[in-house]
Amino acid sequence: MSRVDDLLTLAGAVKGFMPRSEGLALYENALSHATARPRGTWLEVGAWCGKSAVYLGAAAEATHSVLYSLDHHHGSEENQAGWEYFDQELVDPFDGRLNTLPTWQRTIADAELESTVIGLVGPSHVIARHFSTPLELLFIDGGHGEEIAWGDFELWTPKLSPGALLMIHDVFPDPADGGRAPYEIYLAATAKGAFRDVAIEGSLRVLRRET
Ligand code: SAH
Ligand code: MG
């Protein structure tokens, strides 16, 4: 098996919230974009256990790009005890809080991506205000609440270079399928022609910055 095949297989086995078809779409769109525009700085908001980081990392490694994988690692609302996506195995016995950082670190080490996927640990909005590197690719897959999702959109998308890729996860046009905020930021991205659709796979939207 090739290096890429190994990584895509490994990504499939990591805990997370990304169907394989969407993970492959992340990889393929990132790869084809960065083949023309290599050595870029990429960032994902929402790392969890590192699943999307390995899909994107496979494309980053092949194109000499670097992916910052950002998370406070304490989970979103729906990951907390009593909610739909709670996982007891991820609770730290030290303080009883959810902590995905050790699992994320093991994933990136196991994938041998430690020089390509770099962790940023903290609240997205604080990091965004102190981050000034232009981005060639941004993947928004963080908190789904209105305030958090809109904050991610407003603080991170201005950092994208013209022609760069914006990916948004959990975009559900039908309210019966999921929360509203990712869909609303997707609409806002395309509304004024600032971003153009490149690809759709499941709830993943891939856009290109036009202006
Ligand atoms: N991309 C991941 C899934 C991310 S789930 C995968 O492929 O599996 C959403 C993540 O966003 C959670 O890990 C949660 O801790 C993180 N998150 C939510 N709000 C955040 C915020 N304000 N700052 C940083 N991380 C946040
Ligand atoms: Mg998601």
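Above this text is the structure in question.
Residues numbered from 1 in each chain as written. Chains lettered and ligands numbered in written order. Predicted model: local features only at pLDDT ≥ 70, side-chain atom pairs only at ≥ 80, totals over all residues. Heavy atoms only, no water.

Participant: What am I meant to see in the overall build of the protein chain here?
Facilitator: When helices and strands are counted, the protein chain shows seven helices and seven strands. In the protein chain, the succession of helices and strands from N to C terminus is α-α-β-α-β-α-β-α-β-α-β-α-β-β. Relative to the compact-globule value of 17 Å for 211 residues, the protein chain shows a C-alpha radius of gyration of 16 Å, a close match. Seen along its three principal axes, the alpha-carbon backbone of the protein chain occupies a region of about 50 × 40 × 35 Å. Considering the protein chain as a whole, with its 211 residues, one finds that 49% of them fall into the buried category. Sequence-distant contacts in the protein chain: of pairs separated by 6 or more residues, those separated by 24 or more amount to 72%. Here the protein chain has roughly 9,900 Å² of accessible surface; of this, 53% comes from carbon and sulfur atoms. (Helix = DSSP H or I, 4+ residues; strand = E, 2+ residues; numbered from the N terminus. Rg over C-alpha atoms; globule rule 2.2 N^0.38 Å. Buried < 20%, exposed > 50% of the residue type's maximum accessible area, 1.4 Å probe, protein only. Contact = heavy atoms within 4.5 Å. Areas by Shrake-Rupley, 256 points an atom, 1.4 Å probe, with all protein chains shown as cover.)

Participant: Sorry if this is basic, but what is going on with the packing of aromatic side chains here?
Facilitator: Applying the stated criterion to the full structure yields six aromatic pairs. Geometrically, the ring pair formed by Phe 17 and Trp 48 is tilted, given 5.2 Å between the ring centres and 45° between the ring planes. Of the two residues, Phe 17 is situated in the loop between α1 (3–13) and α2 (20–36) and Trp 48 in the loop between β1 (41–45) and α3 (51–62); the sequence distance between them amounts to 31 residues. The class of Phe 17 is partly exposed, set by a relative accessible area of 39%. (Phe/Tyr/Trp six-rings, centres within 6.5 Å; stacked < 30°, edge-to-face > 60°.)

Participant: I tried to follow the pattern of salt bridges on my own but got confused; where do I start?
Facilitator: Proximity of charged atoms lets side chains of opposite charge pair with each other. What the rule picks out here adds up to five salt bridges. Note that Glu 89 and Lys 15 form a salt bridge whose closest N and O atoms lie 2.8 Å from each other. Here Lys 15 lies in the loop between α1 and α2 and Glu 89 lies in the loop between β2 (66–71) and α4 (101–110), a separation of 74 residues in the sequence. Of the residues examined, Glu 89 reaches a relative accessible area of 66% and is grouped as exposed. A residue is classified by how much of its surface remains accessible, and Lys 15, at 30% relative accessible area, is partly exposed. Put simply, Glu 210 and Arg 196 hold a salt bridge, and the shortest N to O gap is 3.3 Å. Placement of Glu 210 in the segment after β7 (204–209) and of Arg 196 in strand β6 (residues 195–201) is noted, with a sequence separation of 14 residues between them. Owing to a relative accessible area of 44%, Arg 196 belongs among the partly exposed residues under this scheme. Several salt bridges converge on common partners, so that one network encompasses Lys 15, Asp 87 and Glu 89. (Salt bridge = Lys/Arg side-chain N within 4 Å of Asp/Glu carboxyl O.)

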